[in-house]
Amino acid sequence: MRKPIIAGNWKMYKDVNEAVELANGIKRSVFDVENVEVVICPPFTDLSDVGEMLTESNVGLGAQNCYWKEEGAFTGEVSPGMLKSVGCGYVIIGHSERRQYFGETDETVKDKIKAAIDSGLIPIMCVGETLEERESGKTMEVVRRQITGGLDGFSEEYLDSLIIAYEPVWAIGTGKTATSQQAQEVHAEIRKLLADLYPDTFAVSRRLLYGGSVKPDNIENLMNEQDIDGGLIGGASLKSEGFTDIIKATSRLYAEKKD
Ligand code: PEP
């Protein structure tokens, strides 16, 4: 069975003191959760202190972005190696807000995935359609383009650690979650696409997260779907209680499924 992942994307929220406090609350609440991979992704400025706070805990640290070069005259950018040096194990790549506001393309996503993997970071690659694209029946066309473009030329061995998050843009931060059936439908298609591009074992073992207004009261329906292996959580990851409720519900469901 695929071990579920619950990852929190804190976006541009929490200064360093607030971040350490929130990370501490999460760390304490989930110290005994073993069957869910928990990750938090604070802003760059918080990573070092939060990384120290999470040492020897079962909560992983991720960044929300990285550049694709290791160093150089790239003012304002942060490299995967720098992220590793403050304790990051993961990095979100190609989030729709980065595609929408910062001009990221499938090409830059590909470069960033390569840089992340080369540095030993686990990439959480985000894909998803806008409302307009969904309404004109283009959901899978868009997701297929993002996946084939972002992973172009990489072998399945190289992508061994890859995690994919399906995040319909219309569901992010809007309170409008995709129904669990809508999410499952796309997840199943993504798995099918991966099976077309790579060996079956790669597709079957790939962890596919859903993101878009996930809350404690909808996580169970989502996690009950066959191809949903966890969540990328924005707003609801900014409070320890809501986030840990999501983690604990996921843990409980996973334990029940295993029995
Ligand atoms: C996100 O930022 O990836 C996200 C899914 O946000 P929210 O949960 O707030 O919709």
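Conventions used here
- Residues numbered from 1 in each chain as written.
- Predicted model: local features only at pLDDT ≥ 70, side-chain atom pairs only at ≥ 80, totals over all residues.
- Heavy atoms only, no water.
- Phe/Tyr/Trp six-rings, centres within 6.5 Å; stacked < 30°, edge-to-face > 60°.
- Buried < 20%, exposed > 50% of the residue type's maximum accessible area, 1.4 Å probe, protein only.
- Helix = DSSP H or I, 4+ residues; strand = E, 2+ residues; numbered from the N terminus.
- Pairing = 2+ DSSP bridges.
- Near = heavy atom within 4 Å.
- Polar contact = N/O pair within 3.5 Å; in protein donor to acceptor, adjacent residues only side chain to side chain.
- 1 Å grid on protein atoms, 1.4 Å probe; cavity = no way out; pocket = protein on both sides within 12 Å on 5 of 7 lines; lining within 4 Å.
- Sits in = over half its atoms within 2 Å of the grid points.
- Nonpolar A, V, L, I, M, F, W, Y, C, P; charged D, E, K, R; others polar.
- Arc of directions from axis to C-beta.
- Salt bridge = Lys/Arg side-chain N within 4 Å of Asp/Glu carboxyl O.
- Axes fitted to C-alpha atoms, helices over the stretch in contact; angles between N-to-C directions.
- Contact = heavy atoms within 4.5 Å.

Section: the packing of aromatic side chains
Link 1 in the chain: Inspection of the entire model under this criterion finds six aromatic pairs.
Link 2 in the chain: Between Phe154 and Tyr158 the ring centres are 5.2 Å apart and the planes differ by 35 degrees, which places this aromatic pair in the tilted class.
Link 3 in the chain: For Phe154, a relative accessible area of 13% gives the class buried.
Link 4 in the chain: Judged by its relative accessible area of 25%, Tyr158 falls in the partly exposed class.

Some details on unusual backbone geometry
Link 1 in the chain: In this structure, Lys11 is a non-glycine residue whose phi angle is positive, near 50 degrees.
Link 2 in the chain: As for its placement among the helices and strands, Lys11 is situated in the loop between strand E1 (5-9) and helix H1 (16-29).
Link 3 in the chain: Phi angles above zero are rare outside glycine, and Lys14 is one such case at about 85 degrees.
Link 4 in the chain: Tracing the chain through its elements places Lys14 in the loop between E1 and H1.

Section: the pairing of strand E4 (residues 90-93)
Link 1 in the chain: A two-sided burial pattern is seen for E4, the buried positions comprising Tyr90 and Ile92 on one face and Val91 and Ile93 on the other.
Link 2 in the chain: As paired strands, strand E3 (residues 59-63) and E4 are joined by two bridges and run parallel to one another. Note on E4: the bridge partner recorded for Gly62 is Tyr90.
Link 3 in the chain: With four bridges connecting them, E4 and strand E5 (residues 122-127) associate as parallel partners. By the bridge assignment, Ile92 is partnered in E5 with Ile124.

Let's talk about the site of the ligand
Link 1 in the chain: In the vicinity of the ligand lie 14 residues, with Lys11, Glu167, Gly173, Ser213 and Gly235 positioned nearest.
Link 2 in the chain: Asn9 is positioned such that a nitrogen or oxygen atom in its side chain is 3.1 Å from an oxygen atom of the ligand.
Link 3 in the chain: With respect to the detected pockets, the ligand is housed in the second largest pocket.
Link 4 in the chain: Class assignment for the residues of the shell around the ligand results in four nonpolar, eight polar and two charged.

Describing helix H2 (residues 44-53)
Link 1 in the chain: For H2, the full list of buried residues reads Asp46, Leu47, Val50, Gly51 and Met53. Seen from one end, H2 has its buried residues packed into an arc of 145 degrees, which puts them on one side. Opposite the buried face of H2, at more than 90 degrees from it, the exposed residues are Thr45 and Glu52.

Concerning the pattern of salt bridges
Link 1 in the chain: Counting across every chain of the model gives 14 salt bridges.
Link 2 in the chain: A salt bridge links Arg98 to Glu104, with the nearest nitrogen and oxygen atoms 2.9 Å apart.
Link 3 in the chain: The exposure class assigned to Arg98 is partly exposed, which follows from its relative accessible area of 22%.
Link 4 in the chain: Since its relative accessible area comes to 8%, Glu104 is described here as buried.
Link 5 in the chain: One network of salt bridges, with partners in common, ties together Arg2, Arg191, Asp227 and Asp229.

Topic: the sheet that holds E1
Link 1 in the chain: Read around the barrel, eight strands follow the order E1-E2-E3-E4-E5-E6-E7-E8 and close on themselves; strand pairing throughout is parallel. Pairwise comparison of adjacent strand axes, ignoring direction, gives a mean angle of 25 degrees for this sheet.
Link 2 in the chain: Where E5 lies against strand E6 (residues 163-166), four bridges are found, and the strand directions are parallel. Along E6, the bridge assignment pairs Met125 with Ile164.
Link 3 in the chain: Lying over the sheet, helix H11 (residues 240-258) contacts E1, strand E2 (37-41) and strand E8 (230-233), oriented at roughly 165 degrees with respect to E1.

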